[in-house]
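Observations on the three-dimensional arrangement
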Amino acid sequence: MIELRRVAAVILLFLGVGVGLHLLMDPLRHASQPAAVKAMTLGAGLALAVLGIIGGFLIARFPKERIDGVAGHLEDMVRRGTVGMVVGETDADALGRLGHAINHYLAFVKDEVEQSHMTAKERQIQMKVLEAEKRHVEAVIHAISDGVLVMDAFGDLVLTNAAAERIFGFTFDASTRRPVDEAIHDKRFLELLHDMHETGLVVPHRTLEWAQGSGEHTHVWRVILNTVVEGRKHDRVSGVVAVLHDVTKEKEIARMKSDFVSNVSHELKAPLSSIKAYAEMLVDGEAADEAEATEFLGVIAGEADRLGRLIQNILNLSRLESGLVSTNKADLAVTEILGDVADVMTPQAAQKHIQLEVDLAPVFFHVHADRDLLYQAVLNVVSNAVKYTPERGKVSVSTYLEEGWVVVDVVDTGYGVPPEDIDRVFEKFYRSRHSAGGAAGTGLGLPLVKHVVETIHGGQVALESHVGKGSTFRIFLPAVR
Amino acid sequence: MTCKVLVADDDAYITNVVARKLQNAGLDVIVAMDGREAYERAIAERPDFLITDLQMPGMSGLELSARLTAELPEPIPTILLTAKGFEIDRTDTDHLPILHVMSKPFSPRELLDNVRGAVEIGALS
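Residues numbered from 1 in each chain as written. Chains lettered and ligands numbered in written order. Predicted model: local features only at pLDDT ≥ 70, side-chain atom pairs only at ≥ 80, totals over all residues. Heavy atoms only, no water.

Observations concerning the interface of chain A and chain B
Between chain A and chain B, the residue contacts involve 28 residues of the former and 23 residues of the latter. Around 2,300 Å² of area is buried between chain A and chain B when both sides are counted, 49% of it from carbon and sulfur atoms. Counting the surface chain A buries against chain B, the share from its top three residues, His266, Lys269 and Glu280 of chain A, is 21%. Here chain A is connected to chain B by seven salt bridges. For Arg306 of chain A, the salt bridge identified is with Asp11 of chain B, shortest N-O distance 4.0 Å. Across the contact surface, chain A and chain B share twelve residue pairs in polar contact (both at pLDDT 80 or more). No other element matches helix 7 (residues 248–283) of chain A, which puts 13 residues into the side of chain A that touches chain B. Across the side of chain A that touches chain B, the residue classes tally to ten nonpolar, eight polar and ten charged. (Contact = heavy atoms within 4.5 Å. Buried area = accessible area lost by both parts, 1.4 Å probe. Salt bridge = Lys/Arg side-chain N within 4 Å of Asp/Glu carboxyl O. Polar contact = N/O pair within 3.5 Å; in protein donor to acceptor, adjacent residues only side chain to side chain. Helix = DSSP H or I, 4+ residues; strand = E, 2+ residues; numbered from the N terminus. Nonpolar A, V, L, I, M, F, W, Y, C, P; charged D, E, K, R; others polar.)

Here is the structure:
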């Protein structure tokens with residue numbers, strides 16, 4: 001159709017120009033014609049030639065403008081990033097149909113674009129939700145005190161938390177993957193991870209204990225290992241997750257409890273041994289005379305008392321700690337309590353040839369305290385000093401006033417406490433493994449002192465010690481003004 | 001010649017009762033109040049028999065027996081007294097001349113029987 005239009009345009013052009021030129025030439029051929037007719041013919045010829053040129057030009061030109069219009073629309077839509085119509089509803093010719101086909105196609109593209117816009121938006125929302133969930137999970141993983149680390153199928157570290165970084169002493173950077181073998185240097189732990197990776201399909205879950213370090217600094221971890229399984233048939237291990245829970249304290253408490261039972265039974269057996277042995281001696285008639293028999297009976301009675309005191313000590317601490325003991329506080333002089341303690345401890349010190357020196361100050365410092373409990377606390381400290389001081393040593397007890405506190409000092413020339421044990425001697429059940437004296441104890445004497453002084457009387461206990469030289473136990477009690 | 005027995009325990013009541021039981025039976029008894037003292041007296045007085053507590057200040061009964069076995073030409077037959085019987089590992093005592101491990105509370109009568117039995121076997125051999 002466009003070709004036909006072009007032919008018509010050319011014909012019109014030639015026709016207009018031909019007839020116009022013919023008319024223009026006419027006055028030259030008919031020179032006799034009047035001037036007015038010559039002018040009219042010349043004008044008509046010129047007009048026809050111009051009209052032919054313009055008409056032909058317009059006919060030939062018209063479709064190009066429309067195509068330009070369509071192109072302009074398309075370019076405009078591209079520029080504005082929109083999709084719309086390129087021709088009007090009334091264009092029924094071929095160009096119009098082409099335009100409609102393009103419109104149709106554009107409508108389809110528009111739908112598709114809108115659809116993908118929606119999908120992209122939904123994806124974006126989903127991504128944001130996933131991103132937020134990922135951050136939540138990471139925050140949770142980072143916040144927990146257990147160590148968490150994840151190794152992928154290639155043996156790379158893909159996730160850890162702060163606790164795991166502390167345990168293994170590395171810094172994790174999520175952006176740069178690194179082999180787990182580079183980050184962790186403990187061979188045993190690496191073996192656990194790799195072994196889990198290899199056998200994870202057979203045993204996907206495992207809990208075991210792993211000891212880190214050695215000697216006094218041993219840390220015990222309960223390691224929970226899980227495999228991440230992939231593949232349609234779940235036949236591929238894609239990673240290993242390790243969670244490390246610190247059980248050092250639990251282990252320590254279990255050990256202390258076991259030691260406590262062992263120590264208590266040992267302590268109870270000592271007086272019981274004497275009672276049994278001396279009773280049997282009497283039964284077997286081993287006492288040489290009445291005086292010796294009386295001596296044996298005296299030992300039996302004394303050891304029975306000792307046994308009773310020991311059991312009382314265990315019960316006291318237990319009851320004190322459970323809050324069952326009602327206290328009866330009054331203003332009293334610390335000096336009096338020290339006197340009573342000295343009376344009880346002097347014979348025991350004498351047995352080991354230990355010089356027990358109690359400096360009963362002439363000034364009576366008063367404290368608001370429960371007499372029985374405070375007596376028990378001071379007695380425990382002095383008895384402890386005598387127990388852990390070798391024969392022919394010295395234990396001195398004194399009291400003085402210092403910045404609103406009544407202070408009781410118990411200084412001994414004993415075996416001393418190693419620096420690493422100083423903070424622990426007041427812990428219940430704790431007995432130093434380094435105890436050079438090897439003396440038996442329940443591990444309850446000093447915890448009772450701490451409880452009575454600090455919890456019940458608002459005071460403080462302190463220990464200074466040098467191995468081989470001796471110790472100074474210090475009790476601070478609020479002074480009554 | 002009377003048999004000389006060294007009794008080592010940080011509990012004076014125990015050394016006292018064991019010493020009397022053995023003395024009444026005609027044995028010669030020397031006493032030590034801790035591991036170190038026991039070691040020194042054993043080196044100086046060469047007893048024929050040793051009765052020692054396991055848990056003592058200075059040196060344990062096992063350590064005492066091990067050191068004396070290593071340093072003296074003749075091993076001293078020993079009876080170990082302990083309040084922690086179940087905690088002693090046989091491998092700790094196998095290489096030492098420990099004839100009996102007696103748990104506290106113990107019978108002085110049974111202790112004397114054990115000493116007599118050991119001394120008689122020793123005399124026969």
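Alright, that's what it looks like, and here's the rest.
Regarding the pattern of salt bridges
Between side chains of opposite charge, a pair can form as their charged atoms come close. Residue and element names in this part refer to chain A. Applying the stated criterion across every chain yields a total of 31 salt bridges over all chains. A salt bridge links Arg371 to Glu336, with the nearest nitrogen and oxygen atoms 3.6 Å apart. Taken together, the positions of Arg371 in helix 10 (residues 371–387) and Glu336 in helix 9 (residues 334–351) put the pair 35 residues apart, joining distant regions of the chain. Note on Arg371: relative accessible area 31%, which makes it partly exposed. The exposure class assigned to Glu336 is partly exposed, which follows from its relative accessible area of 40%. (Buried < 20%, exposed > 50% of the residue type's maximum accessible area, 1.4 Å probe, protein only.)

Some thoughts on the packing of aromatic side chains
Applying the stated rule across the entire model yields nine aromatic pairs over all chains. A centroid spacing of 4.9 Å and a plane angle of 50° characterise the contact between Phe189 of chain A and Trp210 of chain A, whose relative ring orientation is tilted. Taken together, the residues Phe189 of chain A in helix 6 (residues 187–199) and Trp210 of chain A in strand 4 (residues 205–212) connect sequence positions 21 residues apart. Put simply, the rings of Phe168, Phe170, Phe189 and Trp210 of chain A touch in pairs and so form one group of aromatic residues. Seen from the ring of Tyr39 of chain B, Arg67 of chain B lies directly overhead, with NZ or CZ sitting 4.3 Å from the centre. (Phe/Tyr/Trp six-rings, centres within 6.5 Å; stacked < 30°, edge-to-face > 60°. Lys NZ or Arg CZ within 6 Å of the ring centre and 35° of its normal.)

Structural notes on the packing of helix 7 of chain A against helix 1 (residues 12–24) of chain B
As a packed pair, helix 7 of chain A and helix 1 of chain B sit with axes 10 Å apart at the nearest point and diverge in direction by 25°. One way to sum up the angle between helix 7 of chain A and helix 1 of chain B is to call them roughly parallel. In the crossing of helix 7 of chain A with helix 1 of chain B, the sense of the turn from one axis to the other is left-handed. Contacts between helix 7 of chain A and helix 1 of chain B involve Ser273, Ser274, Ala277, Tyr278 and Met281 of chain A from the former and Tyr13, Ile14, Asn16, Val17, Arg20 and Lys21 of chain B from the latter. (Axes fitted to C-alpha atoms, helices over the stretch in contact; angles between N-to-C directions. Parallel < 35°, antiparallel > 145°, perpendicular 65-115°, else oblique. Left-handed = near helix turned anticlockwise from the far one by under 90°.)

Digging into the sheet that holds strand 4 of chain A
Residues and elements named next belong to chain A. Taken in spatial order, the six strands of this open sheet run 3-2-1-6-5-4, and their pairing is antiparallel. In this open sheet, the two strands that pair with only one neighbour each are strand 3 (178–179) and strand 4. Sheet topology places strand 1 (residues 147–152) next to strand 2 (residues 156–160); three bridges connect them, and they run antiparallel. Bridging from a neighbouring strand, Met151 pairs with Leu157 of strand 2. Helix-sheet contacts for helix 6 involve strand 1, strand 4, strand 5 (219–230) and strand 6 (236–246), and the interaxial angle to strand 4 is about 170°. Packed onto the sheet, helix 7 meets strand 4, strand 5 and strand 6 and runs at close to 135° relative to strand 5. (Pairing = 2+ DSSP bridges.)

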